[in-house]
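Coordinates in review
Okay, here's what each chain looks like letter by letter:
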Amino acid sequence: MENHLDGVTPEGRMMRGVAKVPGLLNRARKARKDGVTDENLLIDALAAYHMAKGAADELREKYKKARLPPKGEFSFQDPIVMAHSFYQRSFGLSLTVVIILSCVVTGIDPGNAVVVDPSIYIDEILEIAGSAMIYRPLAASFVPMCLMMAWISTGDLARRQTIEAALKAYENDYAEGQAVVMTPKVEQISRQLRLVDLNV
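Residues numbered from 1 in each chain as written. Predicted model: local features only at pLDDT ≥ 70, side-chain atom pairs only at ≥ 80, totals over all residues. Heavy atoms only, no water.

For Ile120, the position within the fold is in the loop between α4 (79-108) and α5 (122-131). In this structure Ile120 comes out as partly exposed when scored by relative accessible area, which is 47%. Separated by 21 residues in the primary sequence, Ile120 and Ile99 have C-alpha atoms spaced 9.7 Å apart. (Helix = DSSP H or I, 4+ residues; strand = E, 2+ residues; numbered from the N terminus. Buried < 20%, exposed > 50% of the residue type's maximum accessible area, 1.4 Å probe, protein only.)

Take a look at the structure:
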């Protein structure tokens, strides 16, 4: 029987892709610090990227088919609500994984033409952030992480301000001091994923 964490389902492929990130980053840092070439590094990174992107493409179609619950009161026990919430969350997280892996690939090979510009996923993440409002707080708790990665994926100041505004709407879901905010630490994560900063 298939489950959402095996390598057959899109959720499972997404998880396998993100699980490869620490190893890929460690190999890339070591190769650069030692001044050597890891011949299989880019191949492995692209394989993880394609696996995650394929999962995201499949989850996009599933999310499009899931119906948004009717306006007004609804029950989280309703199968329609459960399906929409599940695929919304799965798709949003899959976009986050694709962004992470695209940053890793371009960090390894800055001129790589295979990777899709991760900023194209910003509009999809913003749509999710808006429609997930009805599931706050718990069932929308994945949204701030998605928005953080969307922010990391672009250097456009106007786009970043739009993302920050969407993120601010979720601030009240967290205890004081626990909300996700765009700090220098987040910029440092961006630099580490792109292998601009080799320190961890």
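Having put the structure on the table, let's press on.
For helix α1 (residues 10-19), the complete set of buried residues consists of Pro10, Glu11, Gly12, Arg13, Met14 and Gly17. On the buried face of α1, the contacting elements are α2 (21-34), α3 (41-65) and α4. (Contact = heavy atoms within 4.5 Å.)

What follows covers the packing of helix α6 (residues 143-152) against helix α7 (residues 157-168). The N-to-C vectors of α6 and α7 enclose an angle of 170 degrees; their axes lie 9 Å apart at closest approach. With respect to each other, α6 and α7 are oriented roughly antiparallel. Where α6 abuts α7, its residues Pro144, Leu147, Ala150, Trp151 and Ile152 lie against Arg160, Ile163, Glu164, Ala166 and Leu167. Its residues placed into classes, the contact of α6 with α7 shows eight nonpolar, no polar and two charged. (Axes fitted to C-alpha atoms, helices over the stretch in contact; angles between N-to-C directions. Parallel < 35°, antiparallel > 145°, perpendicular 65-115°, else oblique. Nonpolar A, V, L, I, M, F, W, Y, C, P; charged D, E, K, R; others polar.)

The subject of this paragraph is the pattern of salt bridges. Per the stated rule, a full pass over the model turns up 10 salt bridges. One salt bridge connects Arg60 with Asp57, and the closest N-O pair in it is separated by 2.9 Å. Taken as a pair, Arg60 and Asp57 lie in helix α3 at a separation of three residues, close to a single helical turn. Residues joined in a network through salt bridges with shared partners are Lys53, Asp57, Arg60 and Glu124. (Salt bridge = Lys/Arg side-chain N within 4 Å of Asp/Glu carboxyl O.)

This paragraph deals with the environment of Lys168. Of note, Lys168 is situated in helix α7. Separated by 24 residues in sequence, Lys168 and Pro144 have C-alpha atoms that sit 9.1 Å apart.

Core analysis: the biggest nonpolar cluster contains 53 residues, and Leu101, Val143, Leu147 and Leu193 have the highest contact counts within it. Elements supplying a minimum of two residues to this core: α2, α3, α4, α5, α6, α7 and α8 (184-193). The biggest single contributor to this core is α4, with 12 residues. When neighbours within four sequence positions are excluded, Val143 is seen to be in contact with Ala129, Ala132 and Tyr170. (Core = buried A, V, L, I, M, F, W, Y, C linked by side-chain atoms within 4.5 Å.)

Turning to the packing of aromatic side chains, a few remarks are in order. The relative placement of two aromatic rings is captured by the distance of their centres and the angle of their planes. This structure, assessed with the given rule, holds two aromatic pairs. Here Arg136 stacks its cationic end above the ring of Tyr170, 5.2 Å away from the centre of that ring. The cationic tip of Arg160 hangs over the ring face of Trp151; the distance from NZ or CZ to the ring centre is 3.6 Å. (Phe/Tyr/Trp six-rings, centres within 6.5 Å; stacked < 30°, edge-to-face > 60°. Lys NZ or Arg CZ within 6 Å of the ring centre and 35° of its normal.)

This part covers α4. Spanning 30 residues, α4 covers 43 Å between terminal C-alpha atoms, matching the ideal 44 Å at 1.5 Å per step. With 21 of its 30 residues buried, α4 lies for the most part within the structure. Where α4 begins, the side chain of Asp78 points an oxygen toward the backbone nitrogen of Ile80, at a separation of 2.9 Å. (Expected span 1.5 Å × (residues − 1). Polar contact = N/O pair within 3.5 Å; in protein donor to acceptor, adjacent residues only side chain to side chain.)

Further remarks concern the side chain of Ser94. Positionally, Ser94 belongs in helix α4. Beyond its immediate chain neighbours, meaning those up to four positions away, Ser94 contacts Met14, Ala56 and Leu59.

Averaged over every residue, the pLDDT of the protein is 86; residues scoring 70 or more account for 90%. Looking at the elements of the protein, mean pLDDT is at its lowest for α8, recorded as 80, and at its highest for α3, recorded as 95. (pLDDT = per-residue confidence, 0-100.)

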